[in-house]
Amino acid sequence: MPANLPPQYFEKEKELKTAKTAGEKITIMEELLSLIPKHKGTEKLQALYKTKISKLRSQSQKKAALSRHGPTFHVDKAGAGQVILTGLPNSGKSSLIKALTNANPDIGDYPFTTHAPSPAMMMFENIQIQLIDTPPITPEYFEPWHAELIKSADAVLLLMDLGSQDPVTDLNEITEKLKEKNIELVPEDQDISPEKQFFLKRTLVIANKTDLPGSEVSLSVLRSTIDPVYNLITISALEETELKELKKRIFAILKVVRVYSKMPGKKVEKRDPYVFRVGDTLMDMAKTVHKDFSQKLKFARIWGQGKYQGQKVNQEYVLQDEDIIELHI
Ligand SMILES: Nc1nc2c(ncn2[C@@H]2O[C@H](COP(=O)(O)OP(=O)(O)OP(=O)(O)O)[C@@H](O)[C@H]2O)c(=O)[nH]1
Ligand SMILES: [Mg+2]
């Protein structure tokens, strides 16, 4: 079957020949992947790029681990989702990490207090979500590895400093730098097709430092620019206000559901849920619980959402947050 590659593909392919760093190569290959039409005739080509990208990623990771000074290029995912904190210097990224997790990052009123990415786990009810603290993005400084890290994350928290005189210019500076690397921030409820997942990033915009005198002025300027598209969240990382609401929004932006598996006749254990993507079905769950279940599943009973009390559901049933499910084989 012919591949039918579009002209933009061949243009982009030329860039690959001149790319120098692993980060540049990965970015170009991700773009090439998004330009390849998805059908049987291109499966081999898609697989080729995916293999090359994963090889380059693991090589870069090893290199970063060997270099004493180089920051880590890639952070292995952990927990129910990976969320990256982004912002200008001093916007309060590390302060927020400190407030939301058990991590104890360096915090300072000078730029680049944080100089390497650093993951930390945030507890949300009965699951853990991985947050990544990062160095700031500035008009002069935005390394390819940093863009890569954002592209592979599941969502972004963009920190805005309400102590700033001009938060709109701050916002533009960040979005311009991201755009240079083909990253576009999008609102939290936007659906993203798999081909675009590296380039469109669901984002919560967080206005930090509400405790500062005069912060209301910056806040109203910022609101007039981005509300209601982004439904701005206002917090003080220092005084730890509004963090409960923020945590809920972080969970929601990941678009995942928690599901509890229950043995017939036994009580449900709610400590350690399975985590699935919104839209996943009972069959996805059966495959995860045990490989045999996908073949042998006869039916399931469900409790949850205030409307199910042990009713039977079939394989296509779409899982909902906090469902309790009893699989019968
Ligand atoms: N008043 C006030 N100050 C804050 C708040 N959050 C952070 N700060 C202060 O802002 C300064 C920068 O905080 P950091 O958390 O280091 O900021 P950062 O974004 O991690 O900075 P870089 O690592 O340089 O990018 C520190 O002096 C913090 O104490 C807040 O909610 N209110
Ligand atoms: Mg920091």
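Residues numbered from 1 in each chain as written. Chains lettered and ligands numbered in written order. Predicted model: local features only at pLDDT ≥ 70, side-chain atom pairs only at ≥ 80, totals over all residues. Heavy atoms only, no water.

### Topic: the site of ligand 1
The environment of ligand 1 is made up of 23 residues, and the closest members are Lys93, Ser94, Ser95, Phe112 and Asp211. Within the backbone of glycine 92, a nitrogen or oxygen atom sits 2.9 Å from an oxygen atom of ligand 1. The separation between a nitrogen atom of ligand 1 and a polar side-chain atom of aspartate 211 is 2.7 Å. Its free accessible area being 650 Å², ligand 1 has 90% of it covered by the protein chains. Here the element with the most residues in the shell around ligand 1 is helix H4 (residues 93-100); it accounts for three residues. Taken together, the residues of the shell around ligand 1 break down into nine nonpolar, 10 polar and four charged. (Near = heavy atom within 4 Å. Polar contact = N/O pair within 3.5 Å; in protein donor to acceptor, adjacent residues only side chain to side chain. Areas by Shrake-Rupley, 256 points an atom, 1.4 Å probe, with all protein chains shown as cover. Helix = DSSP H or I, 4+ residues; strand = E, 2+ residues; numbered from the N terminus. Nonpolar A, V, L, I, M, F, W, Y, C, P; charged D, E, K, R; others polar.)

### A closer look at helix H5 (residues 144-152)
Here H5 lies mainly inside the structure; eight of its nine residues are buried. The complete set of buried residues in H5 reads Trp145, His146, Ala147, Glu148, Leu149, Ile150, Lys151 and Ser152. (Buried < 20%, exposed > 50% of the residue type's maximum accessible area, 1.4 Å probe, protein only.)

### Thoughts on the coordination of the magnesium ion (ligand 2)
In the first shell of the magnesium ion (ligand 2), the protein supplies Ser94 (OG) and Thr114 (OG1), at 2.0 to 2.1 Å from the metal. Note that serine 94 is positioned in helix H4 and threonine 114 in the loop between H4 and strand E2 (118-124), a separation of 20 residues in sequence. Note on accessibility: serine 94 and threonine 114 belong to one class, buried. (Donors = N, O, S within 2.8 Å, 3.2 Å for Na, K, Ca; no water.)

### So, the domain arrangement of the protein chain
Looking at the protein chain, the domain boundaries give domain 1 (7-66), domain 2 (82-253) and domain 3 (256-328). Taking the mean C-alpha position of each, domain 1 and domain 2 sit 27 Å from one another. Across the contact, eight residues belong to domain 1 and eight residues belong to domain 2. Broken down by element, the residue count for the side of domain 1 that touches domain 2 peaks at six residues, all from helix H2 (residues 22-35). Its residues assigned to classes, the side of domain 1 that touches domain 2 comprises one nonpolar, three polar and four charged. (Domains from an automatic or database assignment. Contact = heavy atoms within 4.5 Å.)

### Things to note about the packing of aromatic side chains
Applying the stated rule across the entire model yields six aromatic pairs. Judged by centre distance (5.9 Å) and plane angle (90°), the rings of tyrosine 308 and tyrosine 317 are edge-to-face. When its relative accessible area of 10% is taken as the criterion, tyrosine 317 is described as buried. Geometry around tryptophan 303 places lysine 262 over its ring, the cationic atom sitting 5.0 Å from the centre. (Phe/Tyr/Trp six-rings, centres within 6.5 Å; stacked < 30°, edge-to-face > 60°. Lys NZ or Arg CZ within 6 Å of the ring centre and 35° of its normal.)

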